[in-house]
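Given next are the chains, with one letter for each unit.
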Amino acid sequence: MDQFFEQIITGLSIGSILLLVALGLSIIYGSMGIINLAHGEFVMLGAYTAWLFQTYFGLGLLASLVPIFIAVAVIGWIIERLVLSLLHNRPLDTILATWGVGIMLQQGIRLMFGSELRYVQMPPSLSDSVDVFGLSVSSYRMFLFIVAIALFAATWFLMNRTTIGMKLRAIMQDRSVAASFGINSRRVYGLTFGYGAGLAGLAGALVSPLKSVSPDMGTGYVIDAFMVVVLGGVQSLGGTVASAFILGELSGGIAFLQNDTVAKALVLIAIVVLIRFRPEGLFTTRVRA
Amino acid sequence: MRISRRTLMKNAAALGAFAGAGFPHIWVKNADLARAAGGEIKVGVLFSLTGTTAIIEESLNKATILAIEEINAAGGIKGSKIVPIIEDPASDPATFSEKARKLVVGDKCVSVFGSYTSASRKAVLPVFERQNNLYWYPTLYEGRECSKNVVYTGAVPNQQQDEFVPWLIKKFGKKFYLIGSNYIYPKEENNYCKKLLEKYGGEVVAEEYVPLGHSEFSSVINKMRSTQPNVIFSTVVGDSVVALHRQYRAAGLDPEKMPMASLTTSENEVAAMGGEAAAGHFTSAPYFQVYKSPENEKFVAAYQKRWGADKVTHFVSEACYFQTYLFKQAVEKLATSDIAPPTIRDAVKGAETIAPQGKVRIEPENLHTWLWPKIAQCKSSGQFEILVEAKEWLKPVPYAAYPGQVCTEKGLVEKS
């Protein structure tokens, strides 16, 4: 029985990391309809910013979370202004453009900092483990879980309870009508993309003490993030949360019973089958076309 | 048109000159003269500078370049400079093969130094065998290969495990948890490990492989908790090593009770995971940066002076460094007109040099290298402490797990 609960907690932990990584993508994909292939690179930029703060300013991870969010959000905002805003209503070109931006970010980092793995220290206060119902759980993983839930709550609040969120939802429904009501859609899109990028950056910084930091680390994350968003249903924040935890429990469980190679394959097959019969994902919000 | 004798002669001469220039191998018996022409000896350097394995291959490129620069600064090889032609195969086996062909056929390099992964070595092998050129492979690998066109300067399974596995059983216990990345190298190493376990009375509690680049080990760690092995025998590679160590530590497991014993964790990976995550675990390899020898002190100082004081040396970059010196020795034995891949290969057989790890020798039978196995434990400083040093160098046996097969000068021989 202990093993079962241990595995449930493991699944929650994997799910919370998936949620962290997917949240930013969910916002950008869901509300702006942009398939952002540079999402993994924003995750990578966040991890590198954490490394920079630690190496050059001696700042711990916890202290640098806010600056990291701002830094990556600003980069995202600039990219939206300079590239994506010019490609409005051209979804295929947007995919290519974000892919290209991703490659440039990756090679830029490689040119500046080299391609070796980088080290981001785990906050010492969180590097031991705690007892949860008699099971020993890594404090850092607990911390990630709480942060993931908090970020989700903040994002939900922002989308549903603030003026800017209302404007964004209005644009999602009909851009031209929203504009005729005086909503500056360019500004809202820029801010939304920046916010999504900032979330990705935070995710990168937060997972870096458990994983490794390298210029091409983003590739794996962008795939995970898309799986979560596609399974959960585009435009549904709640769906993203549910699907992150479903995928976490599923891959953790199969990995325990079988191994990680099998888990990866089975989860992917499950998603493909589900998309075949439910292309809109598990959860959908009704939106007027 | 009337053909006069004079125009006929002229045309014939022109044709001869054209043939001479166009097909030199018809006229010049040793076409490889061109290979060492003009006081330059061209060699290829084929390590990925981009892509997934660039993380480690960049350091191999650096160690090779360092050795070449040192040799050139000391006067080159009998007055000829080594000219490195650097290509970036971008961690992709198909690109490896393409770039290898370019270096061998296009640039006429007399040797190529390259590869980290077995996949990339297998991809370039046909090029070197067909062109009868020479590839210098510095990485520890799974053995079970017997090419006349590759000089293997890394360890094969018997050189990493023969001493390591019995030592682990004696010190920690019999129950082994085998974990590796999902490709040929970990599977062959585990194959040999299981033979040794059988011989010394150990047992395997689990054998499992994770996808390459995998970074989520919490389920694996739960399994380790529930099977309670004495030793976790790890052949996980690349950035997964970093993730495994960090998550092991975050989960609160204790290296004193359940240490990881790795064949792949070097100073390079430790630098990325941080000393505190690596502390207490063990690695078996022929070389560690802390090894005390005058040659190693010189190597480490030169490497850090050339590439930065924060850089580490490790068991693959050391092999890159000494294999370049072995190349120099082999070429030195040859007359300038004889410098060609097959003659270099013959000259390197039985060659010896004092490497940073100790005196090494190329085994004439199989072109693998006699090395000095060592067992070391990682400290929180990020460096290793060497606990066991072999008293004698160990012969490379690339087919150690396959008693019916032996690699000889003539190729693979099946014994019945």
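These figures come from a predicted structure and were not determined experimentally.

Chemist: For this particular structure, what's the right way to read the overall build of chain A?
Modeler: A tally of helices and strands in chain A yields 11 helices and two strands. Reading the secondary structure of chain A in the N-to-C direction produces α-α-α-α-β-β-α-α-α-α-α-α-α. The C-alpha radius of gyration of chain A comes to 19 Å, within 12% of the 19 Å expected for a compact globule of 289 residues. Taking the principal axes of its C-alpha atoms as reference, chain A extends roughly 60 × 50 × 35 Å. Taken over 289 residues, chain A has a buried fraction of 54%. Put simply, of all contacts in chain A between residues at least 6 apart along the chain, 76% involve residues at least 24 apart. Entry remark: accessible area of chain A is about 12900 Å², with carbon and sulfur atoms responsible for 70%. Of the charged side chains in chain A, 17 are positive and 14 negative; the average position of the first set lies 15 Å away from that of the second.

Chemist: Hey, could you run me through helix H9 (residues 218–232) of chain A in this one?
Modeler: Think of an α-helix as turning once every 3.6 residues; residues three or four places apart then point the same way. All names here are of chain A. Here H9 spans 21 Å end to end across 15 residues, near enough to the 21 Å set by a 1.5 Å rise per residue. Of the surrounding secondary structure, the elements contacted by the buried residues of H9 are helix H1 (2–32), helix H2 (39–57), helix H8 (185–207), helix H10 (237–257) and helix H11 (260–277). Gly233 lies just past H9 and shows a positive phi near 100°.

Chemist: Sorry, what's going on with the domain arrangement of chain B here?
Modeler: Residue and element names in this part refer to chain B. Under the domain assignment used here, chain B contains domain 1 (30–155 + 290–370) and domain 2 (159–285). The straight-line distance from the C-alpha centre of domain 1 to that of domain 2 is 30 Å. Roughly 1300 Å² of surface becomes buried between domain 1 and domain 2 when both sides are summed, with 62% attributable to carbon and sulfur atoms. The three residues of domain 1 that bury the most area against domain 2 are Leu140, Glu142 and Phe315, which together make up 37% of that side's buried surface. At the junction of domain 1 and domain 2, the tally comes to one salt bridge. On the surface where domain 1 and domain 2 come into contact, there are two residue pairs in polar contact (both at pLDDT 80 or more). Contributing elements (two or more residues each) for the side of domain 1 that touches domain 2: helix H3 (54–73) and strand E13 (369–370).

Chemist: Quick question: what am I supposed to make of the state of the cysteines here?
Modeler: Two cysteines form a disulfide when their sulfur atoms are joined by a covalent bond. Residues and elements named next belong to chain B. In this structure the tally under the stated criterion is one disulfide over all chains. At a sulfur-sulfur separation of 2.0 Å, the disulfide partner of Cys146 is Cys407. Between Cys146 and Cys407, the disulfide has an S-S torsion of 85° and is therefore right-handed. Placement of Cys146 in the loop between strand E4 (135–137) and strand E5 (150–152) and of Cys407 in strand E16 (residues 405–408) is noted, with a sequence separation of 261 residues between them.

Chemist: What's the story with the packing of aromatic side chains in this structure? I'm lost.
Modeler: Here the distance between the centres and the angle between the planes together describe a pair of aromatic rings. All names here are of chain B. Tallied over the entire structure, the rule returns 29 aromatic pairs over all chains. Consider the rings of Tyr183 and Tyr185, whose centres lie 6.4 Å apart with planes at 40°: the pair is tilted. Judged by relative accessible area, which is 3%, Tyr185 ranks as buried. For the ring pair Trp370 and Trp393, a centre distance of 5.5 Å and an interplane angle of 50° mean the geometry is tilted.

Chemist: Before we go on, may I ask you to explain the sheet that holds strand E8 (residues 231–235) of chain B in this structure?
Modeler: Strand-to-strand pairing in sheets goes through backbone hydrogen bonds, with the strands running parallel or antiparallel. All names here are of chain B. Pairing is mixed across the open sheet formed by seven strands, whose spatial order is E7-E6-E8-E9-E10-E14-E15. Of all strands in the sheet, those bounded by a partner on one side alone are strand E7 (203–210) and strand E15 (384–389). Across this sheet, the average inter-strand angle for adjacent strands is 25°, counted without regard to direction. Here five bridges tie strand E6 (residues 175–181) to E8, and the two strands are oriented parallel to one another.

Chemist: What exactly am I supposed to notice about the pairing of E15(B) here?
Modeler: Two faces, one strand: in a regular strand the side chains alternate between the faces of the sheet. Residue and element names in this part refer to chain B. As defined by bridge partners, strand E14 (residues 374–378) adjoins E15 across five bridges and the pair is classed as antiparallel. Bridge pairing links Gln377 to Glu385 in E15. Connecting E14 to the antiparallel partner E15 that follows it, the hairpin turn spans five residues, and Gly382 within it adopts a positive phi of roughly 95°.

Chemist: I keep staring at a nonpolar patch on the surface and nothing clicks. Help me out?
Modeler: Residues and elements named next belong to chain A. A contiguous nonpolar surface patch, about 770 Å² in accessible area, is contributed by Val66, Ile70, Val74, Trp77, Ile78, Leu82, Leu158, Ile164 and Leu191. Among the elements that make up the nonpolar patch, the one with the highest residue count is helix H3 (residues 65–82) (six residues). Along the chain, Val74 turns up in helix H3. Taking the relative accessible area as the measure of exposure, Val74 reaches 42% and is therefore partly exposed.

Chemist: For this particular structure, what's the right way to read the nonpolar core?
Modeler: One broad rule of soluble globular proteins: the nonpolar side chains tend to lie buried together. One finds Phe176(B), Phe233(B), Phe327(B) and Ile344(B) to be the most contacted residues of the largest nonpolar core, which totals 105 residues. The greatest single-element share of this core, amounting to 10 residues, is contributed by helix H14 (residues 315–332) of chain B. Counting residues domain by domain, this core receives three or more from each of domain 1 (30–155 + 290–370) and domain 2 (159–285) of chain B. Excluding residues that lie within four positions of it along the chain, Phe176(B) makes contacts with Val165(B), Leu168(B), Ile169(B), Cys193(B), Leu197(B), Glu203(B), Val204(B), Val205(B), Ala206(B), Pro229(B), Val231(B) and Phe233(B). With 83 residues, the next largest nonpolar core counts Leu18(A), Tyr29(A), Ile68(A) and Val213(A) among its residues.

Chemist: Help me out: how do you make sense of the sheet that holds strand E11 (residues 352–355) of chain B in this one?
Modeler: Residue and element names in this part refer to chain B. Read from one edge of the open sheet, three strands run E11-E12-E13, paired in antiparallel fashion. Edge positions in the open sheet fall to E11 and E13, since each of these has one partner strand only. With two bridges joining them, strand E12 (residues 358–362) and E13 adopt antiparallel strand pairing. Of the residues in E13, the one forming a bridge with Ile362 is Thr369. Its contacts with the sheet put H14 on E11, E12 and E13, and the angle it makes with E11 is roughly 145°.

Chemist: Explanation requested: helix H9 (residues 218–227) of chain B in the structure shown.
Modeler: With eight of 10 residues buried, H9(B) is to be regarded as a mostly interior element. In the stretch just after H9(B), Gln228(B) is the one whose phi turns positive, near 45°.

Thresholds applied
Residues numbered from 1 in each chain as written. Chains lettered and ligands numbered in written order. Predicted model: local features only at pLDDT ≥ 70, side-chain atom pairs only at ≥ 80, totals over all residues. Heavy atoms only, no water. Helix = DSSP H or I, 4+ residues; strand = E, 2+ residues; numbered from the N terminus. Rg over C-alpha atoms; globule rule 2.2 N^0.38 Å. Buried < 20%, exposed > 50% of the residue type's maximum accessible area, 1.4 Å probe, protein only. Contact = heavy atoms within 4.5 Å. Areas by Shrake-Rupley, 256 points an atom, 1.4 Å probe, with all protein chains shown as cover. Lys, Arg positive; Asp, Glu negative; His and termini not counted. Charge placed at Lys NZ, Arg CZ, Asp CG, Glu CD. Expected span 1.5 Å × (residues − 1). Domains from an automatic or database assignment. Buried area = accessible area lost by both parts, 1.4 Å probe. Salt bridge = Lys/Arg side-chain N within 4 Å of Asp/Glu carboxyl O. Polar contact = N/O pair within 3.5 Å; in protein donor to acceptor, adjacent residues only side chain to side chain. Disulfide = S-S within 2.5 Å. Phe/Tyr/Trp six-rings, centres within 6.5 Å; stacked < 30°, edge-to-face > 60°. Pairing = 2+ DSSP bridges. Axes fitted to C-alpha atoms, helices over the stretch in contact; angles between N-to-C directions. Patch = residues over 30% accessible without salt bridge, like charges linked within 9 Å, V, L, I, M, F, W, Y side chains within 5 Å. Core = buried A, V, L, I, M, F, W, Y, C linked by side-chain atoms within 4.5 Å.

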